[in-house]
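# Notes for the structure review
Listed here are the chains, written in short residue letters.
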4 protein chains.
Amino acid sequence: MALAHIPRPKSKPDLRTTRKLISLCHDLLSDGNGVRAAEAIRLFETLDQPGRLAFFDVLIRDFSPSPEDVARIAEDYRLDPSPGNLKRLQQIVEPPRQELFRRLNMAAGGTRKLIEMRAFVLAETESHPELEPIADDLGHLLGSWFNSGFLTLERIDWNSPAVVLEKLIEYEAVHQIQGWHDLRRRLEADRRCYGFFHSALPNEPLNFIEVALTRGMSDKIQPLIDPDAPVSDPIAADSAIFYSITNCQPGLRGVPLGGSLIKQVVEDLRKSLSRLRTFATLSPIPGFRDWLAQEHPNLLDEPQPESKQRLLSLCAWYLLHVKRDSEPLDAVARFHLRNGARVERINWMADPSPVGIRQSEGLMANYVYELNDLQRNHELYAHGGDIPASGRMERLARQVGKNKNPNWLTRHFG
Amino acid sequence: MALAHIPRPKSKPDLRTTRKLISLCHDLLSDGNGVRAAEAIRLFETLDQPGRLAFFDVLIRDFSPSPEDVARIAEDYRLDPSPGNLKRLQQIVEPPRQELFRRLNMAAGGTRKLIEMRAFVLAETESHPELEPIADDLGHLLGSWFNSGFLTLERIDWNSPAVVLEKLIEYEAVHQIQGWHDLRRRLEADRRCYGFFHSALPNEPLNFIEVALTRGMSDKIQPLIDPDAPVSDPIAADSAIFYSITNCQPGLRGVPLGGSLIKQVVEDLRKSLSRLRTFATLSPIPGFRDWLAQEHPNLLDEPQPESKQRLLSLCAWYLLHVKRDSEPLDAVARFHLRNGARVERINWMADPSPVGIRQSEGLMANYVYELNDLQRNHELYAHGGDIPASGRMERLARQVGKNKNPNWLTRHFG
Amino acid sequence: MALAHIPRPKSKPDLRTTRKLISLCHDLLSDGNGVRAAEAIRLFETLDQPGRLAFFDVLIRDFSPSPEDVARIAEDYRLDPSPGNLKRLQQIVEPPRQELFRRLNMAAGGTRKLIEMRAFVLAETESHPELEPIADDLGHLLGSWFNSGFLTLERIDWNSPAVVLEKLIEYEAVHQIQGWHDLRRRLEADRRCYGFFHSALPNEPLNFIEVALTRGMSDKIQPLIDPDAPVSDPIAADSAIFYSITNCQPGLRGVPLGGSLIKQVVEDLRKSLSRLRTFATLSPIPGFRDWLAQEHPNLLDEPQPESKQRLLSLCAWYLLHVKRDSEPLDAVARFHLRNGARVERINWMADPSPVGIRQSEGLMANYVYELNDLQRNHELYAHGGDIPASGRMERLARQVGKNKNPNWLTRHFG
Amino acid sequence: MALAHIPRPKSKPDLRTTRKLISLCHDLLSDGNGVRAAEAIRLFETLDQPGRLAFFDVLIRDFSPSPEDVARIAEDYRLDPSPGNLKRLQQIVEPPRQELFRRLNMAAGGTRKLIEMRAFVLAETESHPELEPIADDLGHLLGSWFNSGFLTLERIDWNSPAVVLEKLIEYEAVHQIQGWHDLRRRLEADRRCYGFFHSALPNEPLNFIEVALTRGMSDKIQPLIDPDAPVSDPIAADSAIFYSITNCQPGLRGVPLGGSLIKQVVEDLRKSLSRLRTFATLSPIPGFRDWLAQEHPNLLDEPQPESKQRLLSLCAWYLLHVKRDSEPLDAVARFHLRNGARVERINWMADPSPVGIRQSEGLMANYVYELNDLQRNHELYAHGGDIPASGRMERLARQVGKNKNPNWLTRHFG
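Quick notes on the rules
Residues numbered from 1 in each chain as written. Chains lettered and ligands numbered in written order. Predicted model: local features only at pLDDT ≥ 70, side-chain atom pairs only at ≥ 80, totals over all residues. Heavy atoms only, no water. Helix = DSSP H or I, 4+ residues; strand = E, 2+ residues; numbered from the N terminus. Buried < 20%, exposed > 50% of the residue type's maximum accessible area, 1.4 Å probe, protein only. Contact = heavy atoms within 4.5 Å. Areas by Shrake-Rupley, 256 points an atom, 1.4 Å probe, with all protein chains shown as cover. pLDDT = per-residue confidence, 0-100. Least-squares fit on C-alpha atoms with pLDDT ≥ 70 in both. Disulfide = S-S within 2.5 Å. Expected span 1.5 Å × (residues − 1). Arc of directions from axis to C-beta. Axes fitted to C-alpha atoms, helices over the stretch in contact; angles between N-to-C directions. Left-handed = near helix turned anticlockwise from the far one by under 90°. Nonpolar A, V, L, I, M, F, W, Y, C, P; charged D, E, K, R; others polar. Buried area = accessible area lost by both parts, 1.4 Å probe. Salt bridge = Lys/Arg side-chain N within 4 Å of Asp/Glu carboxyl O. Polar contact = N/O pair within 3.5 Å; in protein donor to acceptor, adjacent residues only side chain to side chain.

## Points about the overall build of chain A
- In terms of regular secondary structure, chain A is built from 19 helices and nine strands.
- Expressed as lengths along the three principal axes of its C-alpha atoms, the size of chain A is roughly 70 × 55 × 50 Å.
- Going through the 414 residues of chain A one by one, you find that 54% of them count as buried.
- Partitioning the intrachain contacts of chain A with sequence separation of at least 6 by distance along the chain shows that 74% fall at a separation of at least 24.
- A total of about 18,300 Å² of accessible surface is found on chain A, and carbon and sulfur atoms cover 50% of it.

Take a look at the structure:
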């Protein structure tokens, strides 16, 4: 994603190239053609950051629908809501830059360039919110192109090309991979790794998931990511633990890929390893400590041994009952619950690393993926906000919840 | 494309299944998911023709934008043409069935099914013009998905899978392939065949082009398609003659694939056979006789030897000067001129088959593809209506054109 | 195998080319090198049949061990049977042409050429028995190179390249394939076809086997090879019937490939279709009628209805008890029994075609491949000559056998 | 090659398993069969080093030809040197273990196991010279199986599977690869790496060669192997420098693979990079210093600046005139001269590493591969011992050689 990190010189934007590029874009629109698309992309790549901002500025100004035309055709449609008028309205509200992007895609490697372009735009939107329509337009296109019907699930292992493997090292952020020795351990016989790929981006994983095959549902992260852990026999495993899921393409932010990945991986694992009974994650609880710090700040000062049970209960409460709108406050919980998973267990000192302590006092959660329940769970969650959980989790949470008095927590734990 | 030819029973449409399918479509929209998409497609496939028509009827009625909502948001936009309001307007004018189609695509093999669905709809639009929006919506989606950046050019030869080859036999309509013996001749050392493929439709050519490698620019079709013609040495050839181009997917009608195919084939041939100098078609002139019958009916009764020169001149005139709007009346001419080709030559008795006589009195045309000129030709044609032609063609046409007197033709040839 | 059928002109052999080739072979031996190997093969291919015979004549005369050297070193070895002397003896008895053939193999496509060369030699040995050492030397090499560890089993179906499929049509001799329509039926969902391939001969099946998936063990060949038979559901099948096995390479005659093919196919089918219970052949009994004509000529004149039971008994007797050396007289029986199969059943009017009547009065046999028994059956057969058979077969044969009187047959059936 | 390094316990060999294995080998010989082959290999792998030695001891004693039989049939042949008697003699002198090895190859992965077995035997022959016949037998088989007609040249780059790439790191011994960072540099755009592969050993390079694309013929090794050297444009290169060639399979020692590799790589490079003019090595001169130490020990004590010219002359003399039998004493020179290369240049301080100094006082040689001359050079060298060299090399050597006086060197340089 080098595009997102180009240096930002103080100098004036390279407006001459930008103007040339804009002129080329007009030609390209009037006359779609792979040769011109390649030339336009080449020019774009030579632009520095101010030049690019100037380019997108023109795209927003000059490659947007004309408000007057839109208003006129909208009025036509209001007077006569016929299919013909609707079609004209649909056409007029689509910004011409959308078609421009489709034509840029005709160049060899064009799709990759559009993804990089969106990554650049997304990185700029904080300081340049006016670029959002560009990010939206590209997001709409890419969402359509990266429809899960066009993705293929591939197993990634030590037989995969190095050019794929180095991307795992580069992108993995949850539990960083410390070079090739560490990577190799994560691809041994008792581990699995899968990614989604798109035919337009060969050897470029869109996302990937790391799985450990274990006996019993893991309650500690360290043994799963220890590069020197002994390799166990995958045939003897009864559990598949999803311990990391990573998106590789910042330019595809917002394009839904992950849930479908886990479901397909569960199905593939079931077929190839018939003894597997449990499919579960070992997940961080990224928002727990922040919530705790805000709601029960005094708890964080206590010596841990005394507070263990309180923290477990509060964490169960946090996952099952602390919501924003109708969904859990915790982002990871939201992700797995939307997929139809169940909150199964929270584990004490599961991640004693500085990051683990900072995020969640070392706690991690297991979310269980039961293929037969996914659809039902998902629907109950999506429509009613129901959070499926194990009895154990509910009992833990109840230790907090049964006391309705708002001061209870403070009194009880404080 | 079996879908387009299902029998039409007199019985009442299978409304129970249709209703079930519609309900499934609502679920699918609220909650995208490959399993449901597969089930919806399965249900659709069990519907008979009236059931399908009923289904599409509901899609038009209930999965269209609400005119009231559209009018309201269009008014918001008129008052404040902000990006936010434009985005809302864009969202509201997109029919929900568009998103439904995207979700159907998530099923395994979904893309193929959507193409078949559009083929069915297109076949019905003549008697059911109200289905046109469905064809348009699907066409818009497929046009985006089958962007030429997602297509791969593949050579088709005797090493190709039989499942691909039988499709050549099935689809070729210009110069029909009479079984495997004929097919094999068309894939011998002095022939080339290429097709475009999409990763979602493995072993399914979207279109294909047939090429003969010859010495000199061919002026007769028969030697090119004679299944028993001797095989010549491709290394010795100086000309590549494109003698047939076929679209295989009725459901992709209107999605532009062909021009890009020829250009990429010319480039591939240039790389692999460095002695090739001429890249030209040997093309039918499908509208010539109809035009002649209307404009110069008496000419058709003449004994041919006398009329040869007159017919050649008139045909040159027909190709270079007889237009509809600003383009040639002849559909094949329009196709090649849009691609940037040049009208090079017309050939007497090039196709003496009944079809050839009926279409064009046996005449065929060579259009030359000069890689360096394609872009310029295309632009002159697209913007000014200029038709690039050889001197010979222009001289031939001039024999007709120089006489401005509208009765000239009648007098001269009549 | 065009090599084997070159025309035989009356003219004198092309000795000049032969001499050039021989000289090249000497160079090649002194200095192995792919370029020279390719040139030698090219020269050989230009030779007519007498030229080739002359070439092989030189190979036998001049590229054989020297009897004197052999005798001398054999004497050394007799006096001192040390490893060093044995090694020298091994080296001296290997004809230099063996190393020559290894070096010819270094040319691109050399392996294929050596197979064709052996096919030529085998075709000539009847009239030129002095060529046998050449056939033996090549056979020894090819036997080592086509060790089953170097072969890969591949499924052949409608996705296979046409260049492979046309070879099925070309080579199948047991139940000839009548063109592509017939071929396609043999590759439908309820049929399977597998072949062995070697990496040096891409797209060239060494042999192949045709399988029908049926309900019940087939007792008639016609439904299995009827190109218009309805396609049944392979999932519902309980039996896999091997109805044809074909060797494609005359030049590999004597190199054992077939038995290993059937065993691997049985294993692959068991994995992919778990409902299959019976793995059996439906095989010709090629020697039955000849034997009958010799032993019981009068039986062949009887009207069939009366003789059905007698023929069945005699056929069972023929398969189980009529031997040459210690093995059954019937070649097909020998093949399957060596593989460890069991004689299960003979079927009346199973092949009423002229060939079927001529070979075996229309009878065909089922040999059952029971994976668990193959090894034991094979050993009992190989070491003791035991012929495993079903009880039914043994009872049938006993109707003949229990009468020890040599005239019984004549009296009983005559 | 873990097999070669198994621990050697003091305990008695595991004779029970050895006996079981020997019995299995007898069965395997009487009845070839993949299942038994796999079992035999499995047993062999469980044997410790003494058990293996005991096993090979039996192979030598009991799976060798019987001297009596050999003597008898040799006598038959002496009396009647007919093809039949020769064939019997050939059969009797082949040790039965040779056929045993062929049958072991029938197991899945058998070829790899036989290569490992030979690696083990070769590693033992120094202390157990009686194992040599085993190494010879396996070498003979593998030499036939790894005929260059069965090898495929493959480019190795960053798209290759990690399982291949890690073998480069593991095996490269000339200029060791320091981990993945170093490896990646050696596979960048201005580097090439090729290996030979055999279909029976997927993802297992048999050998590989490393090439640097440069401007001018390299005279220093360091810039070629510096992991942080800047990447240059391969299109601009005029020279391909072969700076390392490595055999990966100790079990294939003596099977000729390398010369053919270089020639094929030169051809492939010429096709893909048309500007390349020079194909040359940058090679160590491993025997120079040892020779110098023996012949001119005093020279090694001199301060270098003074001795530079003397050393260069002596090194040229060493390469062109110091021979053992009819070939150069220097092993690397022998290898390249057999391939038909020319001694082009020696380079001062080309490898100033400790190894470079120790081997050759820092000197390295360029051998030039001129495709058109390879065959002729090779023949002149092979038959007459001619060493092709550049004029510069000959002049350098002449400074030593022209003085015939045996004391010249001492006087002149001493």
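That covers the picture; the talk isn't over yet.
## Here we look at the confidence of the model for chain A
All names here are of chain A.
- With 91% of its residues at a pLDDT of 70 or more, chain A shows a mean pLDDT of 90.
- Of the regions scoring below 50 in pLDDT, residues 1-10 engages in 22 contacts with residues more than four places distant in sequence or in other chains.
- Overall fold confidence for the complex sits at a pTM of 0.89, while the interface term, ipTM, reaches 0.88.

## Comments concerning the relation of the copies chain B and chain A
- Once chain B is rotated about the relating axis by 180 degrees and shifted along it by 0.0 Å, it coincides with chain A to within an RMSD of 0.1 Å. Taken together, the turn and the small shift mark the pair as related by a two-fold rotation axis.
- Taken as a fraction of all interface residues of chain B, those also at the interface in chain A reach 100%, which identifies the copy contact as same-surface.

## Things to note about the side chain of A:Asn347
- In this fold, A:Asn347 is placed in strand β8 (residues 342-347).
- Judged by its relative accessible area of 4%, A:Asn347 falls in the buried class.

## Comments concerning the relation of the copies chain A and chain D
- Superposition record for chain A on chain D: RMSD 0.0 Å, screw rotation 180 degrees, translation along axis 0.0 Å.
- Take the interface residues of chain A: 100% of them recur as interface residues in chain D, which is what a same-surface contact looks like.

## Things to note about the state of the cysteines
- Summed over all chains, the structure comprises zero disulfides over all chains.
- We note that B:Cys248 lacks a disulfide partner, and the nearest cysteine sulfur, in B:Cys193, lies 9.1 Å from it.

## A short note on helix α1 (residues 15-30) of chain C
Residues and elements named next belong to chain C.
- Taking 1.5 Å as the rise per residue, α1 with 16 residues should run 22 Å; its terminal C-alpha atoms sit 23 Å apart, in good agreement.
- When we look at burial in α1, the residues that qualify are Thr17, Thr18, Leu21, Ile22, Leu24, Cys25 and Leu28. End-on view of α1: buried residues confined to an arc of 165 degrees, all on one side of the axis. Exposed residues lying more than 90 degrees from the buried face of α1 are Arg16, Arg19 and Lys20.

## Topic: the packing of helix α7 (residues 110-125) of chain D against helix α8 (residues 132-145) of chain D
Residue and element names in this part refer to chain D.
- Where α7 meets α8, the closest approach of the two axes is 9 Å, and the angle between their N-to-C directions is 145 degrees. Judged by the twist between their axes, the crossing of α7 over α8 is left-handed. Between α7 and α8, the contacting residues are Leu114, Ile115, Met117, Arg118, Val121, Leu122 and Thr125 on the first element and Glu132, Ile134, Ala135, Leu138, Gly139, Leu142 and Trp145 on the second.
- Across the contact of α7 with α8, the residue classes break down as 10 nonpolar, two polar and two charged.

## With respect to unusual backbone geometry
- Positive phi is not limited to glycine here, since B:Met349 has a value of about 50 degrees.
- The residue B:Met349 is located in the loop between β8 (342-347) and α16 (354-360) in this model.
- A relative accessible area of 28% places B:Met349 in the partly exposed class.
- At C:Asp325, a position not held by glycine, the phi torsion is positive, near 50 degrees.
- Within the secondary structure, C:Asp325 is located in the loop between β6 (323-324) and β7 (327-328).

## Overview of the interface of chain B and chain A
- Tallying the contact residues gives 42 residues for chain B and 42 residues for chain A.
- Summing the contributions of chain B and of chain A, the shared interface buries around 3,300 Å²; its carbon and sulfur component is 54%.
- For chain B, the biggest contributors to the area lost against chain A are B:Val93, B:Asn147 and B:Phe150; these three give 15% of the whole.
- Here chain B is connected to chain A by four salt bridges.
- Summed over the shared surface of chain B and chain A, the result is 13 residue pairs in polar contact (both at pLDDT 80 or more).
- Elements with a minimum of two residues in the side of chain B that touches chain A: α4 (67-79), α5 (83-93), α8 (132-145) and α17 (371-384) of chain B.
- A breakdown of the residues in the side of chain B that touches chain A according to their chemical character gives 18 nonpolar, 15 polar and nine charged.

## What about helix α9 (residues 162-171) of chain A?
- Where burial is concerned, most of α9(A) is hidden: eight out of the 10 residues are buried.
- Among all positions in α9(A), only A:Ala162, A:Val163, A:Val164, A:Leu165, A:Glu166, A:Lys167, A:Leu168 and A:Tyr171 are buried.
- Check the buried side of α9(A) and you find it contacts α10 (179-186), β2 (191-198), β3 (207-214) and β4 (239-247) of chain A together with α9 (162-171) and α10 (179-185) of chain D.

## Quick word on the interface of chain A and chain D
- The interface of chain A with chain D comprises 11 residues on the first partner and 11 residues on the second.
- The junction of chain A with chain D conceals about 890 Å² of combined surface from both sides, 54% of it contributed by carbon and sulfur atoms.
- At the surface where chain A touches chain D, the tally comes to two salt bridges.
- With a shortest N-O distance of 2.3 Å, D:Arg184 and A:Glu166 are connected by a salt bridge.

## Describing the pattern of salt bridges
Residues and elements named next belong to chain B.
- What the rule picks out here adds up to 113 salt bridges over all chains.
- Asp57 serves as the salt-bridge partner of Arg61, at 3.4 Å between the closest nitrogen and oxygen. Taken together, the residues Arg61 and Asp57, both in helix α3 (residues 49-62) and four residues apart, mark about one turn of the helix.
- By relative accessible area, Arg61 is classed as exposed at 54%.

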